[in-house]
Amino acid sequence: MKNLQKIAVLTSGGDSPGMNAAIRAVVRNAAYSGLVCDGIYRGYQGLIENDFIELGPRDVKNTINRGGTFLKSARSKDFMTKEGRQKAFNNLQARRIDALVVIGGDGTFTGASVFSSEFDIPVIGIPGTIDNDINGTDYTIGYDTALNTVVEAIDKIRDTASSHDRLFLVEVMGRDAGDIALNSGIGAGAEEILIPEENLGIERLIESLEKSRKTGKTSSIVVVSEGDQIGKNITNVADSIQTQLPDYEVKVTVLGHIQRGGSPSCFDRVLASRLGVGAVDALIEGKSNIMVGISHKKIVHVPFETAINVKKIIDTDLIRVADIVST
């Protein structure tokens, strides 16, 4: 991009482990490339409220290992209005900022796409969400760390399940995408995995658990994505199982926001570093209104429209693997 001198970076939506590593990479590639970089606190709300700070390479030291986002995050209703976006653009102009890097999920990218189109300002997105539900990239920042957190938790739950001959339903995040449930379920050796993309039906679940009981399994783990279609609620599923399989002692564990926390894995640190560097490279190349993702280990540029409007497809081969190894 000609005359690119100053950029800004923000994090928006739900936090995910590795966001700090991505900010760090953006800031350091900006400095490496002779650019000035501002950080924006509290996402789009901070952009509207002029909450900026100039960041240099030393300002982001000791952040690669930290979970969450030191720039903080927020969901901004004001940014959904034309007036709010106008204030945001005015603040960018006042600070002579030429381009913007946003780190977040589909809601973040939706806002970025509208903003970029309205004011003709270059915006690059970096996918940061534990759900791994963004189309066009194999992985999103934070997903690997969340998986490891879930598997570690399920391993511990299995100890008590085995000790007391219990059936545990473990709810994980994933309102619209079952990647966390599917992969953590396979990794933790779950007997059943319930995901939004596939409605097994309560009868199929009961049949499977009953079969497991008859083959000698005295305890079981069922991983349930929060968006699963059976019962629409993990408590309803637990009640149905308890009613139809009274020999089981059914317990429910909701892992909740523990999945978003913690120090990012090495995989997420490297991924975030690559995508952060790639975002600044894309701006220098004159790109705009795109997400920087990774596909087959290579950095790719994906139009926001494709990332936002095309639903990412669950890996059906993994569903088959889960069915086989859970028998």
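Everything here concerns the structure above.
Criteria and cut-off values
- Residues numbered from 1 in each chain as written.
- Predicted model: local features only at pLDDT ≥ 70, side-chain atom pairs only at ≥ 80, totals over all residues.
- Heavy atoms only, no water.
- Pairing = 2+ DSSP bridges.
- Helix = DSSP H or I, 4+ residues; strand = E, 2+ residues; numbered from the N terminus.
- Axes fitted to C-alpha atoms, helices over the stretch in contact; angles between N-to-C directions.
- Contact = heavy atoms within 4.5 Å.
- Core = buried A, V, L, I, M, F, W, Y, C linked by side-chain atoms within 4.5 Å.
- Buried < 20%, exposed > 50% of the residue type's maximum accessible area, 1.4 Å probe, protein only.
- Phe/Tyr/Trp six-rings, centres within 6.5 Å; stacked < 30°, edge-to-face > 60°.

Trainee: Is there a simple way to think about the sheet that holds strand 11 (residues 298–303) in this case?
Mentor: The strands that make up a sheet are held in pairs by hydrogen bonds between backbone atoms, and each pair lies either parallel or antiparallel. With respect to topology, seven strands assemble into an open sheet ordered 3-2-1-4-5-10-11, the strand pairing being mixed. This sheet does not close on itself; its edge strands, each paired only once, are strand 3 (52–55) and strand 11. Each adjacent strand pair in this sheet contributes to an overall mean axis angle of 30°, direction not counted. With two bridges connecting them, strand 5 (residues 123–127) and strand 10 (residues 290–295) associate as parallel partners. By the bridge assignment, I124 is partnered in strand 10 with I290. On top of the sheet, helix 1 (residues 19–32) reaches strand 1 (6–11), strand 2 (36–40), strand 3, strand 4 (99–104) and strand 5; it is set at about 180° to strand 1, its chief contact.

Trainee: How should the sheet that holds strand 9 (residues 249–254) be read in this particular structure?
Mentor: Spatially, 7-8-6-9 is the arrangement adopted by the four strands of the open sheet, whose pairing is parallel. Bordering the open sheet on either side are strand 7 (192–194) and strand 9, each of which pairs with just one other strand. Between one strand axis and the next, the sheet turns through 20° on average, direction left out of account. One ladder, built from three bridges, connects strand 7 with strand 8 (residues 220–225); its direction is parallel. Paired with L194 across the two strands is V224, which belongs to strand 8. Against the sheet, helix 5 (residues 143–164) contacts strand 6 (166–172), strand 8 and strand 9, and its axis sits at roughly 165° relative to strand 6.

Trainee: Mind showing me how you'd approach the nonpolar core here?
Mentor: Nonpolar side chains tend to gather and get buried jointly when the protein is soluble and globular. One finds I7, V9, I23, V26 and I126 to be the most contacted residues of the largest nonpolar core, which totals 32 residues. Broken down by secondary-structure element, the contributors of at least two residues to this core are strand 1, helix 1, strand 4, strand 5, helix 9 (266–284) and strand 10. In this structure, Y143, I157, V170 and L182 belong to the second largest nonpolar core, which totals 27 residues.

Trainee: Help me out: how do you make sense of the packing of aromatic side chains in this one?
Mentor: Counted according to the given criterion, the structure contains six aromatic pairs. Ring plane angle 5° and centroid distance 4.0 Å describe the contact between Y44 and F79, whose orientation is recorded as stacked. Highlighted residues: Y44 in helix 2 (residues 43–48) and F79 in the loop between strand 3 and helix 3 (82–94), separated in sequence by 35 residues. Classification of Y44 by relative accessible area gives buried; the value is 4%. The exposure class of F79 is buried, given its relative accessible area of 4%. Centroid distance Y139 to F267: 5.1 Å. Interplanar angle 80°. Geometry classified as edge-to-face. One end of the pair, Y139, is in the loop between strand 5 and helix 5; the other, F267, is in helix 9, with 128 residues separating them in the sequence. A relative accessible area of 37% means that F267 is categorised as partly exposed. Ring pairs connect the aromatic residues Y44, F79, F89, F115 and F119, which therefore count as one cluster.

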